[in-house]
Structure formats: structure tokens, C-alpha cells
Amino acid sequence: MRLTDNETALNEVVVTGSRATEGRSNILTTSPVDVISAREIKAYAQTDVTQILTYIAPSFQSSRQTVTDGTDFVDPATLRGLGPDQVLVLVNGKRRHTSALVNINGTPGRGSVGTDMNVIPPAAIKRIEVLREGAAAQYGSDAIAGVINIQLKDDTTGVFASSTVGQTVEGDGELVQADANAGFGLGRRGFVNVSGQFSNRSFVDRSRPDTAPLIYLGSGGNYPSGLTDQQKRELKAQDDALVAERGFNRRNIRVGSSDVRTYGGFLNAAYTLAPSLGLEAYVTGGLTRRTGRAGALYRLPNQATQSDLTIYPNGYLPFINSTVDDASLITGVRGTVLGFAADLSNTYGRNSLRYDVTNTLNASLPQGTSPTAFYAGTLTFQQNTVNLGFSRKFTSVPALSTLNVAFGGEFRTDIFEIEAGEEGSYLAGTRTVNGARAAFGAQGFPGYKPQDATNRTRTNVAGYLDLESDITEKLLVSVAGRAERYSDFGNNVSGKLAARYSLLPDLAVRGNLGNGFRAPSLQQRYFTNSSTQFTSGELREVLTTNNDDPLTRAFGIGSLKQEKSKNYSLGLTARVLRTITLTVDAYQIDIDDRIVLSSQFNRGNAAVNTILGTLPVQGIQFFANAVNTRTRGLDVVANERLQLGVDSRLTLTAAANFNETTVRSFNSSPFIDANPSLQNTLFDRAQRARLENGQPRSKINLSADYGYRIFSVNLRTVRFGEIQTKDANPDRSYIDQTFAAKWVTDLVLSAQVHKNVGVSIGANNLFNVYPDRLYQDPNNNEQSLTYSTLDATNRGRFPYSSNQFGYSGAFYFGRLNVSF
């Protein structure tokens, strides 16, 4: 029989970071772990996992992106300022598969492949454990920054349903969301817990009017060269007349989160097969479909090589439509074998991302003949993991208080596929405009070509040993080691030593040291495509090649190898006056051979032009083990729970993360070193700033939860630290910018109006806080005669950067909870 979850008693007991047979309180572990309960998850208006974690766990950061192709639909998420692929995600302690998406645009985690946690309905989650420490020696690849373990509900308490509706203060971003969870017992021998979610979120648009002087005449929005001021005025007057006549709307793109609709369901179940042997079978599975629609960049009618005026006489805004399908299934049996707790499991996961482009065209096709919608291709990633583990706690080992022994093995298969789009989505036709070749492929997102299509597989075999001992009542020590062999790049061995020592009954120090690794993902190894990217004020067709491509080899770049890390931490844990818990942990993470997506090597360089030959692209980029970094930081977490009376309770939390990542050195190639003009291109200043300063270096979370009888008040304020951006071109350093730190405050008022019915109203970003505005050249306005499109706002249309906390502004919501 399963007991219901007592959140107050159990929400600090963790299992992540240790393979001991019994969980420990998070202040009794050798490693720092945040525990986020189901109650905290549903207290505020965030309805997807990455946004929930962003506002609860200071070391975790994620913000929704815009006009970044697939990244508009799969939020890049990071831990301790490292990359999305340097944190491992588990579900019920089992490795979760990653997304099929490779982030290739200018967002946090550029060049990385993360895990799409937003496919898991929050209603299915019992708690989330965030291990803030390198754990590759325990869990394998990706766990350089830490581990996020999502524990699904396993209770049998009946049915819970919730509905949330809301919108932003600007009247957009409408949300309609409903979720439900039901738990049932199986004759005292097991449980079945099922959860589902439907969510429909409308787009947010914070764009500003297009400041291009010319919409219909001229070229690309600007004046032709060689005109006098008077000629510019005359041309401008003619263009303004056309704008008025045709009713052109200068607010012509969408800047903000995209339209997204999600359907998802999860199952978590277990059944005791043989009570006398303790043999239990379990199954966990989920299916989610998320569809989305995001705008690209508007093509003006005077952008002749990207337009066809017989189809779109007033220009057009292409839309990138995505369909994310995610499926997972964990099956296994656990029991006791020769005194050891044994667990045999198989974990399968599949994630696919399909692209369809609408309101578009292929400008290179003969005038008037292009379709206006294309299927652009599909990315798919599959993973299957077989795991057998044993653990046992010994209490009669000489000279030791206790000894927990865990060991096991794992066999994993990864598969990555690219399916080409339909021919028109990538075709390079023969149409020219005024002697210039028209842009090929679907505008907004050219489809994957047949030569991009791939189907790659690799395998991995691993074995681990994990020892944990209460050597004395005061000293806890754990040692872990793991050996792995990958079929595509070879072997790796990782180790970890961690300890906790009680100085006083309620005061202890803890620390760890170890090495780790991250295997290059199959997506990084074999992804290739052509895409339209906005860089330094210009639209360019950019080719991304894999490391087996002769073009990449021509730059002297070899096959990707694993990233290697060294982790150090030292911390303090304390309990004060019985009601206050405090943890302080300092850390350093050194990563060598860090994989990045290079900056763009452009045709303007003679050597690059020779390599690109006749290919219809302006630049090329590729993955490389190019950077060695060091990350240092400090985590502080304090909690206090007060019972103020029979009917009154108060929980206070203060948590903070301070981190700094610096690039220590670069790894180049003889070819690049022999061409001095290319040395800063492999990893340019924009890339470096994104890695070192592109996310908040500090985050502070203060919250207070007060309950009185049927009423409760939840107040939270989060300080997102400053970020910096730099342009790739040093000559444009005048648009480098530092964005000031900002506080974002959430408030929720709730009442349990009936034992089965609760209602809440609230506001996220109560005070309607926005990031600092992006730099805009003061001369850049639609009336300017000396207009330059080379500022940070892309013709005034992008007012904000999304990398601190987004820019949706205040969001107001209401929620109804029903249980029975």
C-alpha cells in the first residue's frame, strides 16, 4: 500500500546524488540539492517546467526566445551558467532523452542540444530535485553542471483538476490551460497515477514600428547610393504615398513568445508481483504533442531578391510552424537478490521536431510560380537505455558505522535522423533580379536538403561503482567511479570523492572533487543545413556543416571529442533554532575542449571564398572543441518554517546564485592560425560575450508563503542580474551593451472555498517590469536621410533582449482547483 505524500515532512528528503538505499535530508547530503515540491509547483502561474524552475531555483535559468527558428518552441535551459547540454535530466531516476533540436541561432546555449522538460505536465510531478554538482561519475555524460531529477506522482489520493486562464497587461499572450491528475490503488499491491494537460498560449508581440525609410522603393529599406539629400526627400515622398495608399503597417514582425498549443499525458504505475520476494514491476510513460507558430523576419517589397511582387505585392511575414512529438516509456522490475536491492529497467525516448513554413515563397523559382507553403523537414532523436543496478547497505563492516555499496551497468543506443523537406523548400532555382541571384529555398526557413538527410547511430557501454559510508557518526564519505565506451569516439573514466563532516549537531561542512565528461551529441556530430540568419545587421544564408564534411576538414577541424571537466566544491550546512535551514556552497568547474558552434566564416575572406566555391551561401559555421572555460560561483539557500498559531503558518525562503564563467584559452587549427584574419572568427566576441555574460551572473529569490485558515498569500520577488551583449564585429563595439539587473515580483491570493474547491487570482511580474531597451542609433528613424540599419534593433523592431527574464510584462491570471 502507498501512503499519500506529506509535503511538509517529505519535501526535503532527496535521492538524487546518492545511490544509498535510504534518502537523506538535503542538509545531510554530501552535495547541494534543491527540492521543489508539488505545492510550490502549482502555487504560481508558470505552467511549464522550465519557467517554474527559473523562478524557484536561482541556479537555473531559462527564457523564451523569439525569431530563432526551432528555439522559439524549445526553451534552452541552463544550470550554474553552463550550457543546456551540460545538465542531465532524469525522470524517476532514469536518464531522460534530449531534444532533437540543435540551437544554431544567437541564443543562450548556441550550438548545444538540451532536454525539453516542458513536455512533462506539471500536474504529473511529485517533486523536482536539482543536484547542483558535477555527477558524471555517477550518472554519465551531460552531468557536468548537475542533475535535475523529476519525480512523478505515485499517490492514490483520487482526482485533482485545475484550470488557469490569463493574459498580459497588453492584452496578448492569452493562456487557457487545464490539467488533471488521478491516483488509484491496486488492491494494496500497487498504484496507477495518470496525468494530463492541455495548454493554449497565444503569441506575445512587443515589436516596434519598422524605421526603414523606404518600404516599396529603393533597396532593402534604405536609399540607393549616390543620391543627394533632395533626391532622397523626393524618393521618400513617393514611397510614403505608396505606404499610405496600400495601408502598409510598419509594425510588421512579431517579437515575443510564439503561439503554442500542447497536449500531453503521463502514466506512472507499479505493481507488486511477489510480496514475499519484494518483487515489483513498474512502468512510466508519456506522450506529448506541441504545435507552435512563430514569425520570421518580414520581407519588404523592395527586398527584390527575397520577394515576388506578383505573389506578395506588399511584402510578407513568413511563419515557421513546428510540431514537437515526444514519447517516452520506462519499464522495469525491482526486488531483492542475495540481499541486494536490484533494479533492471529499459528506458526508451523519442523526440521529433517537424517544420512547416507558411506565408512564404521560394524567390528563386520563376516569377509567379512559387508555392506559398512548404514542408521543410523533420529532426528526430531516439534513445534506448538498458540499466541493471544493485545496492545494499551494510551495518556490520569493521571500523565503519555503515557502508552502502552500489554497482551496475548500462547499455545505451542513440539515433539521430534528419528528413529532407519537399523539393521546393530547398531548391536553388535560376531566377535573377536585376542581375542578382534570387534567394533560394523557403523564405524564413529553407528546408533540409537530401544531402542534409542522415540516419546515424551510436552505442555506449558503461559500468559504475558507488560507495557511501558513515565512517563515524560525524563523517560521511562517498566515492564513485564510472567507465564508459562510446562506439564513435572511444573511452572515458570519471571519478568523484565527496564528504560531509558534522562540526556540531546542527552545523556541518561538505565538499567534493571529481572529474567528468560530456560526450558530443549525435546532433552536434552530424547536423547540417542552410539557414537565414541575422548577424551584425545583415541577413545571410549560412551553411552549417558537420565535422565529417570536407568543407569543415578544409578548415583543419577534426572529429568532435568529449568535453572534460574538473569539479570542486566546498560548502556549509546548518539548522538554526530548529525552524531555519541554511546551505552555502562555493564551486569551481573547469571544462576543457568545450564544444561550441563556430562563428560565421564569411566570403569576404579570400581563403573562405575559395573553400565555399560556387555554393549559394554567404558564410559557413561548424562545431568544434574550441574553448576551455572556468566557472566559479556561490549558492546560498535559507528556509524558515513558522507555525504562528493553530490556524496560521509562514514559510520564508531566501536563495541566491552568483556565478562567473571565463574563457581561459582557445583551441584552433593550423589552417586558421595561418590566416590571422580568421583567428577571431572561430569564436568571435559576440560568442564569447554570450558564453561569459549572456545570462545573469547573479540571481536572488525571496519568497514568503503565508496561510491563515482557508486563505493563503504567496509573494515572490526575483532579482535577475545584469547581462551583456557584444557585436561580432569589433568595429561595431559602439552597440555593445550592459543591461541592468531587475526585480520581478509575483503575487498570488488563494482561498479554499470548499474542501474540494480552491480558487486563486494573481499576477506574474506584478509591476510590469521590462529589461533595458536595446541600443538604437539616434539617427535611425523613418525620416532619416543618413539611415544605417546597423544597430542592435534591426530597423527599430527589436526593442528588447530576451535573455534575462523575457519581455512579456505583467501577466494576470485566475485559477480553479477541484479535487474529489
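Scroll up for the structure.
Residues numbered from 1 in each chain as written. Predicted model: local features only at pLDDT ≥ 70, side-chain atom pairs only at ≥ 80, totals over all residues. Heavy atoms only, no water.

A. Region of interest: the pattern of salt bridges. For the structure shown, the criterion picks out 42 salt bridges. As a salt-bridge pair, Lys561 and Asp593 come within 3.8 Å of each other at their nearest N and O atoms. You can see Lys561 sitting in the loop between α7 (550-554) and β27 (563-576) and its partner Asp593 sitting in strand β28 (residues 580-597), a full 32 residues away along the chain. Among the residues examined, Lys561 registers a relative accessible area of 42% and is labelled partly exposed. Using a relative accessible area of 17% as the deciding quantity, one classes Asp593 as buried. (Salt bridge = Lys/Arg side-chain N within 4 Å of Asp/Glu carboxyl O. Helix = DSSP H or I, 4+ residues; strand = E, 2+ residues; numbered from the N terminus. Buried < 20%, exposed > 50% of the residue type's maximum accessible area, 1.4 Å probe, protein only.)

B. Local environment of the packing of aromatic side chains. Here the structure, examined in full by the defined rule, presents 23 aromatic pairs. Within the aromatic cluster, the residues linked to one another by ring pairs are Phe340, Phe390, Phe394 and Phe407. Over the aromatic face of Tyr800 sits the side chain of Arg773, whose NZ or CZ is 5.7 Å from the ring centroid. (Phe/Tyr/Trp six-rings, centres within 6.5 Å; stacked < 30°, edge-to-face > 60°. Lys NZ or Arg CZ within 6 Å of the ring centre and 35° of its normal.)

C. Up close: the pairing of strand β6 (residues 87-91). Counting buried residues along β6, five of its five residues qualify, which places the element largely inside the surrounding structure. Because side chains alternate across β6, one face comprises the buried residues Val87, Val89 and Val91, and the other comprises Leu88 and Leu90, equally buried. Where β6 and strand β9 (residues 146-152) come together, five bridges link them in parallel fashion. If you follow Leu88 over to β9, its bridge partner there is Val147. Counted between consecutive antiparallel strands, the loop separating β6 from strand β7 (residues 94-95) contains two residues, among which Asn92 sits at a positive phi close to 50°. (Pairing = 2+ DSSP bridges.)

D. Representation of the side chain of Asp356 in the model. Take Asp356: it is sitting in strand β16 (residues 340-358). Within the local environment of Asp356, its side chain forms a polar contact with the side chain of Arg354, the two groups lying 2.7 Å apart. Asp356 has contacts with Phe319, Ile320, Asn321, Phe374, Tyr375 and Ala376, leaving out every residue within four places of it along the chain. (Polar contact = N/O pair within 3.5 Å; in protein donor to acceptor, adjacent residues only side chain to side chain. Contact = heavy atoms within 4.5 Å.)

E. Fine view of the environment of Phe666. Checked against the element boundaries, Phe666 lands in strand β31 (residues 648-666). Residue classification places Phe666 among the partly exposed positions, given a relative accessible area of 41%. It is 9.8 Å that separates the C-alpha atoms of Phe666 and Gln679, two residues lying 13 residues apart in sequence. Among residues more than four places away in sequence, those in contact with Phe666 are Ala626, Val627, Phe683 and Arg688.

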